[in-house]
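Tertiary structure, described
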Amino acid sequence: MDLSIKALDLTRPVVGIAHPTERASSVQGGGFKDAMLQALQATSDLQAESARLSKEFSLDNPTVSLEETMIAGVKSTIAFQATLQVRNKVVQAYTDIMNMQI
């Protein structure tokens with residue numbers, strides 16, 4: 001079993017999600033709302049995949065390895081934390097704008 005992981009492999013999106021350059025070009029025309037919806041969907045997909053792998057591993061499925069399950073869990077945690085930080089910044093920006101004096 002080959003467990004070698006390149007440093008950039010951990011930052012590469014999951015299969016089915018566009019590469020950052022492709023996503024950036026499609027988001028430019030779509031706006032912030034579309035970018036947020038895409039990011040939320042990607043986070044949701046990562047969490048679902050992590051849950052699926054955890055369930056399969058706990059049921060002793062021989063095709064699912066512990067390493068694969070743990071990496072999926074870490075990816076979903078990182079995606080969730082990033083989404084949470086973006087949400088916090090958006091709420092903070094909204095609060096700052098609402099508190100501005102005209």
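Everything in this summary refers to the structure shown in the same document.

Thresholds, definitions, all that
- Residues numbered from 1 in each chain as written.
- Predicted model: local features only at pLDDT ≥ 70, side-chain atom pairs only at ≥ 80, totals over all residues.
- Heavy atoms only, no water.
- Helix = DSSP H or I, 4+ residues; strand = E, 2+ residues; numbered from the N terminus.
- Buried < 20%, exposed > 50% of the residue type's maximum accessible area, 1.4 Å probe, protein only.
- Contact = heavy atoms within 4.5 Å.
- Areas by Shrake-Rupley, 256 points an atom, 1.4 Å probe, with all protein chains shown as cover.
- Expected span 1.5 Å × (residues − 1).
- Polar contact = N/O pair within 3.5 Å; in protein donor to acceptor, adjacent residues only side chain to side chain.

What follows deals with the overall build of the protein chain. Helix and strand counts for the protein chain come out as three helices and zero strands. Reading the protein chain from its N terminus to its C terminus gives the helix and strand order α-α-α. Counting only residues that meet the buried cut, the protein chain has 13% of its 102 residues in that class. For the protein chain, long-range pairs separated by at least 24 residues make up 53% of all intrachain contacts whose partners lie at least 6 apart in sequence. Of the roughly 8100 Å² of accessible surface on the protein chain, 62% is carried by carbon and sulfur atoms.

Turning our eyes to something else, we now look at the side chain of Thr43. Inspection of the secondary structure assignment puts Thr43 in helix α2 (residues 32-58). Assessed through its relative accessible area of 7%, Thr43 is described here as buried. Residue contacts for Thr43: discarding those within four places in its chain leaves Ala79, Phe80 and Thr83.

Between its terminal C-alpha atoms α2 stretches 39 Å, which fits the 39 Å expected from 27 residues at 1.5 Å a residue. For α2, the full list of buried residues reads Ala42, Thr43, Leu46, Ser50 and Leu53. Within two residues after α2, Asp60 carries a phi angle of roughly 60°, on the positive side.

Of note, Asp60 is a non-glycine position whose phi angle comes to about 60°, a positive value. Position of Asp60 relative to the elements: it lies in the loop between α2 and α3 (66-98). Taking relative accessible area as the criterion, Asp60 reaches 65% and is therefore assigned exposed.

With that out of the way, let us pick up the side chain of Thr83. Checked against the element boundaries, Thr83 lands in helix α3. Thr83 sits in the buried class, given a relative accessible area of 17%. Polar side-chain contacts of Thr83 include one of 2.9 Å to the side chain of Thr43. Contact partners of Thr83, with chain neighbours within four places excluded, come to Leu40 and Thr43.

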